[in-house]
Amino acid sequence: MTGTDTSWRETWAQRERVADHPDAPGLFLALAPMDGVTDAVYRGLLTEQFGGRSGISLCVSEFVRVTRDPVPAHVIRRHCPEVDTGGRTRAGVPVFVQLLGGDPTPMAATARRAAELGACGVDLNFGCPAKTVNSHDGGAKLLKEPDRIERITRAARDAVPHDVPVTVKIRIGWDSGDTIEEIARAAARGGATWLTVHARTRVQLYRPPVHWHVLARARDAAGALPVIANGDLFAPEDLARCAASSRCHAFMIGRGAMGSPGLFARARGWRQGPMPLPELAALLREYQARMRASGLPEARALCRVKQWLRMAAATRPDIVWLFNHIKVMRDWAPAAVALIAVERGALAAGEPDDALDRAG
Ligand SMILES: Cc1cc2nc3c(=O)[nH]c(=O)nc-3n(C[C@H](O)[C@H](O)[C@H](O)COP(=O)(O)O)c2cc1C
């Protein structure tokens, strides 16, 4: 048995304990930032599940774009309203503010502002694959210039108080994993508190395969810098497979939480199996209600519900029919009727539309 096996076994044995740092005792499971998905409403909903025992260690905000000037406080607040409640969700889970940009000076000033406002930590995004972002000196483009990753990280690190973590999120490289060591060392030299790695290249976007094994090289190169594994973690078994391949024992989960919002709790042994469809339907109705209460127009809230179902259906074939059923709806009312019918067990896959009439 290698030292890493021992460490993973220890982590797994203590998985019920929610670690608040990748190196703390217990299992560290972060909710990944997903622009257009994981806003404060979503973060609140997920972290409040099961009476606040969601199993989520940490959330990261959608990215705040930093260009020439420091970002004003109201923009940081819009991305991370939790700064006004101690930097935590209502369930008490810390939220880091994520920044995306290529210029150390406004990045550092924005990091300082986020910390002053009350952010629990600042995460730097060097993994975004969007063409518009990459062509304007941001996101994964920086993977080609590790020295700039180091400079930006150091500038942000120096700008915020010592006890506020500054973390870095990357992909394994631009078009290969060949430079992962160089990038990991740059983040470590810049003073990152930890490094999260999505185990794909920029060129891959979200296409398979996921290269968990490359993360082991990042770990070796990064010295004491903890490495968090990210990419294609859809079930608790994936954590064990990823740990064996990457030698990481802290994780970040994004799309897997859409199909299985209880995944964090499942990984800790608190719940069994994927969330039953009636429960997911109820969660989606709660999601819509919270979005409306936050001021989102009905049409946009409906789009978000459809988006959730589409992303969930990508990993849960048992949801595809429900997505197909709701995606054509133009108003919330019939979507709500369908979700209520699913909640009551009156509508299931393959059932004719008259099931809806019975439910309505
Ligand atoms: C719709 C969408 C939006 C995303 N937005 C962000 C973002 O704002 N910041 C970021 O660092 N990563 C972002 N990501 C990447 C995720 O954080 C994560 O690295 C990626 O989805 C792989 O993890 P997963 O397989 O668990 O989803 C986004 C991913 C998706 C699918």
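All of the points below concern the structure found in this document. It should be emphasised that the depicted structure is a prediction, and the values quoted were computed from it without experimental measurement.

**A closer look at helix α6 (residues 146–159)**
At step 1: In this model α6 runs 20 Å from its N-terminal to its C-terminal C-alpha over 14 residues, within 8% of the 20 Å that 1.5 Å per residue would give.
At step 2: Most of α6 is tucked away: 10 of the 14 residues are buried.
At step 3: Inspection of α6 places Pro 146, Arg 148, Ile 149, Glu 150, Ile 152, Thr 153, Ala 155, Ala 156, Arg 157 and Ala 159 among the buried residues, and these make up the whole buried set.
At step 4: Residues of α6 that are buried in the fold lie against α4 (104–117), β5 (121–126), β6 (166–173) and α7 (180–190).

**Focus: the packing of α4 against α6**
When two helices pack together, you describe them by how their axes are tilted relative to each other and by the distance separating the axes.
At step 1: α6 packs onto α4 with a crossing angle of 35 degrees between their chain directions and a minimal axis gap of 8 Å. Seen along the crossing, α4 lies across α6 with a hand that is right-handed. Touching Pro 104, Met 107, Ala 108, Ala 111 and Arg 112 of α4 are Arg 151, Ile 152, Ala 155, Ala 156 and Ala 159, all from α6.

**Side note on helix α8 (residues 212–222)**
At step 1: Residues Trp 212, Val 214, Leu 215, Ala 216, Ala 218, Ala 221 and Ala 222 constitute the buried set of α8.
At step 2: On the buried face of α8, the contacting elements are β6, α7, β7 (195–201), β8 (227–230) and α9 (236–246).
At step 3: Positive phi appears at Gly 223, one or two residues downstream of α8, with a value of about 65 degrees.

**Brief notes about the side chain of Ser 260**
At step 1: One can find Ser 260 in the loop between α10 (256–259) and α11 (263–267).
At step 2: At a separation of 2.7 Å, a polar atom in the side chain of Ser 260 contacts the side chain of Arg 266.
At step 3: For Ser 260, the residues in contact, after removing those within four places along its chain, are Arg 266, Pro 274 and Met 275.

**Regarding the site of the ligand**
At step 1: Near the ligand you find 16 residues, and of these Pro 33, Asp 35, Gln 98, Asn 230 and Arg 255 are the closest.
At step 2: A distance of 2.8 Å is found between an oxygen atom of the ligand and a backbone nitrogen or oxygen belonging to Gly 254.
At step 3: Within the side chain of Arg 255, one N or O atom sits 2.7 Å away from an oxygen atom of the ligand.
At step 4: Burial of the ligand by the protein amounts to 88% of the accessible area it has alone, namely 610 Å².
At step 5: A class-by-class count of the residues in the shell around the ligand yields 6 nonpolar, 6 polar and 4 charged.

**Looking at unusual backbone geometry**
At step 1: A cis amide bond, omega 0 degrees, links Pro 208 with the succeeding residue Pro 209.
At step 2: Examined against the element boundaries, Pro 209 turns out to sit in the loop between β7 and α8.
At step 3: For Arg 247, which is not a glycine, the phi torsion comes out positive at approximately 60 degrees.
At step 4: Here Arg 247 is to be found in the loop between α9 and β9 (250–253).
At step 5: Its relative accessible area of 25% is what places Arg 247 among the partly exposed residues.

**Regarding the state of the cysteines**
At step 1: In the structure shown here, the tally under the stated rule is 0 disulfides.
At step 2: Cysteine Cys 120 remains unbridged, with the sulfur of Cys 80 as its closest cysteine sulfur at 8.2 Å.
At step 3: Cys 248 takes part in no disulfide bond, and the closest cysteine sulfur to it belongs to Cys 242, at a distance of 6.3 Å.

**Considerations on the nonpolar core**
At step 1: Ranked by internal contacts, the top residues of the largest apolar core, which has 104 residues, are Leu 124, Phe 251 and Trp 308.
At step 2: Looking at this core, the element that brings in the most residues is helix α13 (residues 298–313), giving 8 residues.
At step 3: Phe 251 has contacts with Trp 8, Leu 27, Phe 28, Leu 29, Ala 30, Ile 228, Ala 229, Leu 233, Leu 239, Cys 242 and Ala 243, leaving out every residue within four places of it along the chain.
At step 4: Counting 12 residues, the second largest nonpolar core, distinct from the first, contains Phe 28, Ala 32, Val 60 and Trp 194.

**Digging into the packing of aromatic side chains**
At step 1: This structure, assessed with the given rule, holds 7 aromatic pairs.
At step 2: Taken together, a centroid distance of 5.6 Å and an interplanar angle of 20 degrees make the contact between Phe 96 and Trp 194 stacked. With Phe 96 in strand β4 (residues 95–100) and Trp 194 in the loop between α7 and β7, the pair connects residues that are 98 residues apart, well separated along the chain. Here the two residues Phe 96 and Trp 194 agree in accessibility, since each one is buried.
At step 3: Measuring from centroid to centroid gives 4.9 Å for Tyr 287 and Trp 308, while their planes differ by 65 degrees, and the two rings are edge-to-face. Of this pair, Tyr 287 sits in helix α12 (residues 277–293) while Trp 308 sits in helix α13; the two residues are 21 residues apart in sequence, bridging distant segments of the chain.
At step 4: Members of the aromatic cluster, joined through ring pairs, are Trp 8, Trp 12 and Phe 251.
At step 5: Sitting over the ring of Trp 270, Arg 53 keeps its end group 3.9 Å from the ring centre.
At step 6: The lysine or arginine in question, Arg 171, covers the ring of Tyr 206, its NZ or CZ lying 5.0 Å from the ring centre.

Definitions and cut-offs
Residues numbered from 1 in each chain as written. Predicted model: local features only at pLDDT ≥ 70, side-chain atom pairs only at ≥ 80, totals over all residues. Heavy atoms only, no water. Helix = DSSP H or I, 4+ residues; strand = E, 2+ residues; numbered from the N terminus. Expected span 1.5 Å × (residues − 1). Buried < 20%, exposed > 50% of the residue type's maximum accessible area, 1.4 Å probe, protein only. Contact = heavy atoms within 4.5 Å. Axes fitted to C-alpha atoms, helices over the stretch in contact; angles between N-to-C directions. Left-handed = near helix turned anticlockwise from the far one by under 90°. Polar contact = N/O pair within 3.5 Å; in protein donor to acceptor, adjacent residues only side chain to side chain. Near = heavy atom within 4 Å. Areas by Shrake-Rupley, 256 points an atom, 1.4 Å probe, with all protein chains shown as cover. Nonpolar A, V, L, I, M, F, W, Y, C, P; charged D, E, K, R; others polar. Disulfide = S-S within 2.5 Å. Core = buried A, V, L, I, M, F, W, Y, C linked by side-chain atoms within 4.5 Å. Phe/Tyr/Trp six-rings, centres within 6.5 Å; stacked < 30°, edge-to-face > 60°. Lys NZ or Arg CZ within 6 Å of the ring centre and 35° of its normal.

These values are about where atoms sit, not about what they do.
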